[in-house]
Amino acid sequence: MHNNVSVQLLKSFGIHELDACKVYLEQKVSNDKQVRLLFDYLISDYPLFDDQKLETERVLNDLFMKEDTPQQRKNLQNIGYKLSIILKDFLIEQELKNEEQLKEFLLAMAYIRLGHQDLLDKLINGYYEKPLSEQPEKPKKFTREKVPTAGLNIWHNWHLHRLHYLRYYSRSTVKTASGENSLEDSLQQLNLAHLAAKLRIAHEMETLKNINGRKPVPVFSQEEFYAFPQQLDQYNSYIKLYFYAYDLALYLSDESYYALKQLFRETSTHLSKEDQGNLLNALINYTSFAIKKGKDTFYVEALDLLKEGLETKLLLQDNQISPKTLINIVNTACEAKQFAEAEQLIKKWQSHLPITRKDEGLALANARLLLYEKKFDQIAEYLSPKLIFLDKHLELSAKTTQIQANYEQKNWISFESNCESLKVMLRRAENRYSEQHKASYGNFIKMAKSLQLAQEKKRKEKLKEKLKAYGQIVCKSWLLEKIMELKD
């Protein structure tokens, strides 16, 4: 029954949601033992959900000690259906607890149904007045000063727009009084919501372009974008934040980075967790760009932002850290020469690695630390041939680490073997890696091989020029360090 709705829902649950669901289920089906048994059986294999264990015949046998007959299959299907309804109700209840605006909208609809126009007006006016009351005086010119902090949510203006329409169309006749302005207010809120959504989408597409090279579709004309700085004083903080983030993604300047960082510091506590994560990642992405451009001071910036993302759990999902994030922060700490910090971070966060990726993530994180500490002979203990990588990108990083260690030890046989192995991985027929990954790792192989051939030759300047010419390449700082160790 691996295609059962209940199983599909449970696969998407975080560990904390699962704990809350256990309590909810106990309250809802205390007398339905079969539903409770099925729930306990399914979550006993969380988060793996092994397909063999979920075979209908095995579930019937293990759980209910029944034979695999058409009638028993139908009974199991009915139990699974009951459980799926309970899980859906749980998710809706959780969403209502976490999303205040959704509750307000449902309350507004109830006011309309019951004819309580005065209560609807009171709800809207109370919601509408808060952000307006916190608007600052308009600055005389475009500045990045402290700005209002209310309504920092992409749904804020859209939600208010919906409430206005509920109020307007709940009336029996079209009002023509001069004081009637709900449609005008709705139009204003809709325009702001539309602008916020466009900026957020434009920023996201520009970020993806830097990751996978895909050219984004035009969102703003040049005239519209250049007019933004003169108009920003009209907008709330949410729109300003995403304009700064988009501006940073477009032009990649230190000035834009520090401007976004300052505004983020002033307003982050008023943002949703999702937006906090998006904007923190915008800052982290820029530090990576700056580091690649040789701005070593950004290692400390990057490390501080990454640690902040862990401590605030903005870089975690369901209280889990991805192996890629852990390795990124270990690399960053080591580049900043903070080896003890890197070791402590591994110890602190290793328990948060996903169960299915823990072995490979922890092994690679320790191997990277050993590489920076120049303990090359210990790396093989972590990156042994027995280690199986489920994450294709971690596998690339592990192979690169082995090549670096082989080079440092002058173990040319293993060096050649691992270089060839990495080439094969990149040439695999299936669409495993992006063109950017293929270029970055392919160029690394070329540079590593050039370094091997230049051991006793005066090739330093030529290799520096060759490295500089590669637009995309991994381990650039290590390659430059090895070039500088060659003879003049």
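About the thresholds
Residues numbered from 1 in each chain as written. Predicted model: local features only at pLDDT ≥ 70, side-chain atom pairs only at ≥ 80, totals over all residues. Heavy atoms only, no water. Buried < 20%, exposed > 50% of the residue type's maximum accessible area, 1.4 Å probe, protein only. Helix = DSSP H or I, 4+ residues; strand = E, 2+ residues; numbered from the N terminus. Core = buried A, V, L, I, M, F, W, Y, C linked by side-chain atoms within 4.5 Å. Contact = heavy atoms within 4.5 Å. Salt bridge = Lys/Arg side-chain N within 4 Å of Asp/Glu carboxyl O. Expected span 1.5 Å × (residues − 1). Arc of directions from axis to C-beta. Patch = residues over 30% accessible without salt bridge, like charges linked within 9 Å, V, L, I, M, F, W, Y side chains within 5 Å. Areas by Shrake-Rupley, 256 points an atom, 1.4 Å probe, with all protein chains shown as cover. Lys, Arg positive; Asp, Glu negative; His and termini not counted. Charge placed at Lys NZ, Arg CZ, Asp CG, Glu CD. Phe/Tyr/Trp six-rings, centres within 6.5 Å; stacked < 30°, edge-to-face > 60°.

## Notes on unusual backbone geometry
- In this model, Lys 313 sits at a positive phi of 65°, which is unusual for a non-glycine residue.
- A relative accessible area of 46% places Lys 313 in the partly exposed class.
- Of note in this structure, Lys 337 is not a glycine but carries a positive phi near 65°.
- By secondary structure assignment, the location of Lys 337 is in the loop between helix H15 (323-335) and helix H16 (339-349).

## As for the nonpolar core
- By size, the foremost hydrophobic cluster in this structure holds 73 residues, and its most contacted members are Leu 199, Phe 228, Leu 260 and Val 330.
- Apart from residues no more than four positions distant in its own chain, Leu 199 is found in contact with Phe 220, Phe 228, Ile 239, Tyr 242, Phe 243 and Tyr 246.
- Counting residues in each nonpolar core, the second largest holds 27 residues, with Cys 21, Leu 25, Val 59 and Phe 64 among its members.

## Quick notes on the pattern of salt bridges
- In total, this model carries 22 salt bridges according to the counting rule given.
- Linking Lys 482 and Glu 408 is a salt bridge whose minimum nitrogen-to-oxygen distance equals 2.9 Å. Of this pair, Lys 482 sits in helix H23 (residues 476-484) while Glu 408 sits in helix H19 (residues 392-409), and the two are 74 residues apart along the sequence.
- With relative accessibility at 18%, the residue Glu 408 sits in the buried group.
- Across the salt bridge formed by Glu 485 and Lys 482, the nearest N and O atoms sit 2.9 Å from each other.
- In this structure Glu 485 comes out as exposed when scored by relative accessible area, which is 52%.
- Overall, Lys 482 belongs to the buried group, its relative accessible area being 1%.
- In the salt-bridge network here, residues are joined through shared partners; they are Lys 374, Glu 408, Glu 481, Lys 482 and Glu 485.

## Structural notes on helix H2 (residues 15-28)
- With 14 residues, H2 extends 20 Å between its outermost C-alpha atoms, agreeing within 8% with the 20 Å of an ideal straight helix rising 1.5 Å per residue.
- Of the residues making up H2, those classed as buried are Leu 18, Cys 21, Tyr 24 and Leu 25. The buried side chains of H2 occupy one side of the element, clustering within an arc of 120° when seen end-on. Exposed residues lying more than 90 degrees from the buried face of H2 are His 16 and Gln 27.
- If you follow the buried residues of H2, they end up packed against helix H1 (5-11), helix H3 (33-43) and helix H5 (70-98).

## Structural notes on the environment of Lys 66
- For Lys 66, the position within the fold is in the loop between helix H4 (56-64) and H5.
- Taking relative accessible area as the criterion, Lys 66 reaches 42% and is therefore assigned partly exposed.
- Setting aside its immediate chain neighbours within four residues, Lys 66 contacts Leu 60, Asn 61 and Gln 72.

## Describing helix H17 (residues 358-372)
- Taking 1.5 Å as the rise per residue, H17 with 15 residues should run 21 Å; its terminal C-alpha atoms sit 21 Å apart, in good agreement.
- Counting buried positions over the 15 residues of H17 gives 13, a clear majority of the element.
- One or two residues past the end of H17 sits Lys 374, with phi positive at roughly 65°.

## What to know about a positive patch on the surface
- On the surface, a cluster of positive charge is made up of Lys 446, Lys 457, Arg 459, Lys 462 and Lys 466.
- Summarising the element assignment, Arg 459 is placed in the loop between helix H21 (435-453) and helix H22 (460-469).
- The partly exposed category is assigned to Arg 459, whose relative accessible area is 31%.

## Comments concerning the packing of aromatic side chains
- Following the criterion strictly, the structure yields 24 aromatic pairs and no others.
- Aromatic pair Phe 225 and Phe 228: ring centres 6.4 Å apart, planes at 70°, arrangement edge-to-face. A residue pair is termed a helical-turn pair when its members lie 3 or 4 positions apart in one helix, as Phe 225 and Phe 228 do in helix H10 (residues 222-231) at three residues.
- Residue classification places Phe 228 among the buried residues on the basis of a relative accessible area of 3%.
- Between Trp 412 and Phe 415 the ring centres are 5.4 Å apart and the planes differ by 85°, which places this aromatic pair in the edge-to-face class. Here Phe 415 and Trp 412 lie together in helix H20 (residues 412-426), a separation of three residues that amounts to about one turn.

## A word on the side chain of Thr 401
- Secondary-structure assignment places Thr 401 in helix H19.
- For Thr 401, a relative accessible area of 0% corresponds to the buried category.
- Apart from the residues lying within four places of it in its own chain, the contact partners of Thr 401 are Leu 364, Ala 367, Arg 368, Leu 371, Ile 379 and Leu 383.

## Some details on a negative patch on the surface
- Among the surface-exposed residues, Asp 50, Asp 51, Glu 55 and Glu 57 lie close enough to one another that they form a single negatively charged patch.
- Relative to the assigned elements, Glu 57 resides in helix H4.
- On the basis of relative accessibility, which here comes to 53%, the residue Glu 57 falls in the exposed class.

## Comments concerning a nonpolar patch on the surface
- A cluster of nonpolar side chains, Leu 102, Leu 106 and Met 109, forms an exposed patch at the surface whose accessible area comes to about 240 Å².
- With respect to the element layout, Met 109 can be found in helix H6 (residues 100-114).
- Classification of Met 109 as partly exposed rests on a relative accessible area of 41%.

## Overview of the side chain of Ser 397
- Checked against the element boundaries, Ser 397 lands in helix H19.
- Setting aside residues no more than four positions away along its own chain, Ser 397 makes contact with Leu 364, Arg 368 and Tyr 441.

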